[in-house]
Amino acid sequence: MSTDVMAIQTAQISTRPWTQILHEWVITVDHKLLGILYILYALVFLVVAGSEAMIMRIQLMYPHDHFVSPQVFNRMFTMHGTTMVFFVGIPMLFGFANYLVPLMIGARDMAFPRLNAFSFWLTALAGFLLYFSFLGGSGLYGAGNAPDVGWWAYAPLTARAFSPGHSTDYWTIALLVSGFGSIGTAINIIATILCMRCPGMKLSRMPLLAWLNLVVSGMVLIAVTPLSAAQIMLCLDRYLGGHFFDTQAGGSATLWMHFFWIFGHPEVYILILPAFAFVSEIVPVFSRKPIFGYPVMVGATLCIGFLSMSVWAHHMFTIGMSSYANSFFTLTTLAVGIPTGIKIFNWLGTMWGGKIQFKTPMLFCIAFLFQFLIAGLTGIMLGSAAFNWQLTGSYFVVAHFHYTLVGGFLFAVFAAFYYWYPKITGRMLNEGFGKLHFWLFFIGFHLTFDLMHIPGMLGMPRRIYTYEPGRGWDLWNLLVTVGAFVQAIATLAFVANLIVSYFKGAKSGNDPWDAWTLEWSVSSPPPAYNFALIPTVVSRRPLWDLKHPEDPDSRYE
Amino acid sequence: MSSITTPFPETPAVWKLPYRGKVGMACLIIAESAIFTIFVVAYLYYVGKSLAGPTPRDVLEPPIFYTICLLSSSLTIHFAAKLLGRGKRGAFLGLWFLTIVLGALFLYGTGQEWHRLIYERGFTISTNLFGTTYYSLVGLHGSHVVVGLFMLTIVLLFGLAGRVGPEQSARVEVLSLYWHFVDAVWVVVFTVVYILGR
């Protein structure tokens, strides 16, 4: 009976005029539609910021290349960094959180659906503002003046004297607005998880994805707000003649650095913890075993969240802090390796002895494990002050954080796409295309970011628009650019897969992976109300209990 | 499909979760506290670092009376919300109105102080570091008072129209949480600006 109802609904949808469909998407307060909007928005900006990266890589392919001017190069790395962090990373994680958290905890929607829509449209407006700077940065007649202060926007580069026009103002306002959007969504996710769980869904039974998003949202509350505060100060400086970061009136450029990195470092954990969340859901399903060490995983997450608030100044070892400060921030930074290591061992423990199925989501997760391990190791290298003094501001640092954000975050996001696409659209992503995407991206990633460490160690500074030949950097830069092209082609294969499979993909049914969390108990795509009857759970794997009533999990928990 | 949706175990007898409004407001307060912390840190970091006068001691007078107004409004809103929970609408409206009056008085006090500083002393946000940090910290708090008063007034208008009853008391409690936060922040700002910073 229910399939008939769905068929009728589909027929109705397909006959409606497109304006009505668009109107529905604009006014929606449904967490699933908003989640999809967030994800699509992040994908668009992923392509935009990826193109900016390609422009930089083409410019650096040969010494003395003239593909773009130094000014354009500065704008490209500023826009690339800002876009990737604020308009790809954050919307991507909020998109998946929005879509999945209510389904996983057995709720019909988020705690505040209208706040949810408001937060998304704030984020959307912020991205628009940032890119409008290409037109409005110097007024309409001075087109082509995006911000060029780097994504850290260190003072005094942002002072009126050094950034005339409005490009820096667009950057400031965009980040302020997107920050408010992030805070709104973080409040919403916390309230949803604490107040909307279905009966029996104790905190100790929640899927790890919900747990990690709870921690991430808590971190957003206290890490994104310092950036908002600093942006307000910067606005006051630029518009009302304040002196917060005006060194000529006694203000401090260092204070901006502190405020920025108090946000900036927790931010990378805000991005990587959702990646951990995806891996923690996907690895057990494709290893056919429950997650190993659930309480320890939760504890390690809380520990990472706590430690991440006390490591920010490892970005500032070279500004001349006291040796006590250097030691403190070295120790806290190295300490983050402990809970992160616990997580890696637990994922390995989950796979150990399991019947591993090498489907595309699992391939991305396995690559994630090894790549994130290496990224963590270079992170520990850079976390010790003495080593950092040698390599800070070099391509070694660029290689390190791209290893975490591409090799870690992006690989996990790809895994999430392959894993939850069937739930979101009702159709499977093509497995052959998926494997092609994986291997191409894997090869391109390693070509680019493994080799990028080397010119860094040979002394190539970041943010230079060209370099002299004969310093031993030439070959490495060429290979890095070739790798970037391979990644771009792989991403095209991914986008093609997303589009083609939406129309031609095999029907997925409710539960294509034989998984255990609540989102797989409803139809794909889920109905607007999610659950006809609010479920009740008695263990961490409610669908396992349902499928194996003779041997339920609740017996062992 | 249908085989999988129905047979979940039975609902446990007791399943109580916190009220989402309260949790949401608590989160907002945490986030706002972080913003205020950054502004307070900036204020303390720049105390005594201005390259030119005037100094806080030259121009600032602790606004004791208006501080008492604001802090006592926390009491009135607390009792107002309590009375609403017991269904005493008239008393609720009276105390609620008193809260707004006290908040507005505080705002008037800040306005008067700023007027004196700007028009009599020529002291503005761009005069020196003290001006920058003083106006932004006190102004940030003042803007929260404005937002609070705006929301309190909305409730008052609904109350006068007879639309606020005991069934809304949970929401009113949430709003009073925000107002308590605004008052608590003033304690910090007052201490930093008028005691430590002087």
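Residues numbered from 1 in each chain as written. Chains lettered and ligands numbered in written order. Predicted model: local features only at pLDDT ≥ 70, side-chain atom pairs only at ≥ 80, totals over all residues.

A. Representation of the overall build of chain A in the model. Scanning chain A from terminus to terminus reveals 16 helices and zero strands. Computed over its C-alpha atoms, the radius of gyration of chain A comes to 24 Å, within 12% of the 24 Å expected for a compact globule of 557 residues. Dimensions along the principal axes, computed over C-alpha positions, put chain A at roughly 70 × 55 × 40 Å. Put simply, chain A has 557 residues, and 54% of those count as buried. For chain A, contacts bridging at least 24 residues in sequence account for 80% of all contacts bridging at least 6. (Helix = DSSP H or I, 4+ residues; strand = E, 2+ residues; numbered from the N terminus. Rg over C-alpha atoms; globule rule 2.2 N^0.38 Å. Buried ≥ 20, exposed ≤ 12 C-beta atoms within 10 Å, placed from the backbone. Contact = placed C-beta atoms within 7 Å.)

B. Geometry of the overall build of chain B. The number of helices and strands found in chain B is seven helices and zero strands. Scanning chain B from its N terminus toward the C terminus, one meets helices and strands in the order α-α-α-α-α-α-α. Relative to its length of 198 residues, chain B is extended, with a C-alpha radius of gyration of 22 Å against a globular reference of 16 Å. Along the longest, intermediate and shortest principal axes, the C-alpha atoms of chain B span 75 × 45 × 25 Å. Relative to its full complement of 198 residues, chain B shows a buried share of 35%.

C. Inspection of the confidence of the model for chain A at higher detail. Of the residues in chain A, 96% have a pLDDT of 70 or more, and the chain-wide mean is 93. Across residues 1-8 of chain A, where pLDDT falls below 50, the model places two contacts with residues more than four positions away in sequence or in other chains. (pLDDT = per-residue confidence, 0-100.)

D. The arrangement of the interface of chain A and chain B in detail. Chain A puts 41 residues into the contact, and the matching count from chain B is 37 residues. The leading source of residues in the side of chain A that touches chain B is helix H7 (residues 208-240) of chain A, at ten residues. Residues belonging to the side of chain A that touches chain B are distributed by class as follows: 27 nonpolar, 13 polar and one charged. (Nonpolar A, V, L, I, M, F, W, Y, C, P; charged D, E, K, R; others polar.)

E. Highlighting the packing of helix H8 (residues 253-287) of chain A against helix H10 (residues 323-351) of chain A. Residue and element names in this part refer to chain A. Look at H8 against H10: their axes get within 9 Å of each other, and the N-to-C directions meet at 20°. The angle between the axes of H8 and H10 places the two elements in the roughly parallel class. For the element pair H8 and H10, the recorded crossing hand is left-handed. Contacts between H8 and H10 pair Phe-276, Val-279, Val-283, Pro-284 and Ser-287 from the former with Lys-343, Trp-347, Thr-350 and Met-351 from the latter. (Axes fitted to C-alpha atoms, helices over the stretch in contact; angles between N-to-C directions. Parallel < 35°, antiparallel > 145°, perpendicular 65-115°, else oblique. Left-handed = near helix turned anticlockwise from the far one by under 90°.)

F. Representation of helix H5 (residues 113-136) of chain A. Residues and elements named next belong to chain A. For H5, with 24 residues, the first-to-last C-alpha span of 33 Å sits near the 34 Å given by 1.5 Å per residue. The sharpest bend along H5 comes to roughly 25°, located at Leu-130. Restricting attention to buried positions, one finds in H5 the residues Asn-116, Ala-117, Ser-119, Phe-120, Thr-123, Ala-126, Gly-127, Leu-129, Leu-130 and Ser-133. Check the buried side of H5 and you find it contacts helix H3 (31-59), helix H4 (70-104) and helix H6 (167-195). (Expected span 1.5 Å × (residues − 1). Bend = angle between axes of the 7 residues up to and from the residue.)

G. Region of interest: unusual backbone geometry. The amide bond that connects Ala155(A) to the next residue, Pro156(A), takes the cis arrangement and shows omega of 0°. Relative to the elements of secondary structure, Pro156(A) occurs in the loop between H5 and H6. A cis amide bond links Gly53(B) with the next residue in sequence, Pro54(B), at an omega value of -5°. One non-glycine residue with positive phi stands out, namely His64(A), at about 55°. The topology assignment puts His64(A) in the loop between H3 and H4.

H. Spotlight on the environment of Lys32(A). Residue and element names in this part refer to chain A. One can find Lys-32 in helix H3. A residue is classified by how many C-beta atoms lie within 10 Å of it, and Lys-32, with 21 of them, is buried. Note: C-alpha distance between Lys-32 and Arg-462 (430 residues apart in sequence) is 40 Å. When neighbours within four sequence positions are excluded, Lys-32 is seen to be in contact with Tyr-99 and Pro-526.

I. Representation of the packing of H4(A) against H8(A). All names here are of chain A. Relative to each other, H4 and H8 sit at 40°, their axes nearing to 10 Å. Relative to H8, the element H4 lies oblique. Considering the relative orientation of H4 and H8, their crossing is left-handed. Residues Val-85, Gly-89, Leu-93, Phe-96 and Ala-97 of H4 pack against Glu-267, Leu-271 and Pro-274 of H8. A class-by-class count of the residues in the contact of H4 with H8 yields six nonpolar, one polar and one charged.

J. Examining helix H2 (residues 20-46) of chain B more closely. In a regular helix each residue adds 1.5 Å, so 27 residues correspond to 39 Å; H2(B) covers 39 Å between its end C-alpha atoms and thus fits that length. Gly48(B) sits one or two positions beyond H2(B) and adopts a positive phi of about 75°.

K. The arrangement of the nonpolar core in detail. Counting residues in each nonpolar core, the largest one holds 218 residues, and the members touching the most others are Ile190(A), Leu273(A), Val279(A), Ile282(A), Phe364(A), Ala412(A) and Ala415(A). Leaving out residues up to four positions away in the same chain, Phe364(A) has contacts with Phe411(A), Phe414(A), Ala415(A), Tyr418(A) and Phe438(A). (Core = buried A, V, L, I, M, F, W, Y, C linked by C-beta atoms within 7 Å.)

L. Structural detail: the environment of Ala223(A). All names here are of chain A. By the element assignment, Ala-223 lies in helix H7. Residues Ala-223 and Ile-183 lie 40 residues apart in sequence; the distance between their C-alpha atoms is 9.8 Å. Apart from the residues within four sequence positions on either side, Ala-223 is in contact with Phe-263, Pro-266, Glu-267 and Ile-270.

M. Structural context of the confidence of the model for chain B. Residues and elements named next belong to chain B. Model confidence for chain B is summarised by a mean pLDDT of 92, while 93% of its residues fall at 70 or above. Note on residues 1-7: pLDDT is under 50 here. Beyond four places in sequence and across chains, it has 13 contacts. Scored as a complex, the prediction yields pTM 0.94 and ipTM 0.93.

N. Structural detail: the environment of Phe260(A). Residue and element names in this part refer to chain A. Inspection of the secondary structure puts Phe-260 in helix H8. Taking the C-alpha atoms as reference points, Phe-260 and Leu-34, 226 residues apart in sequence, are found 29 Å from one another. Contacts of Phe-260, omitting those with residues within four sequence positions, involve Trp-152, Leu-227 and Ala-230.

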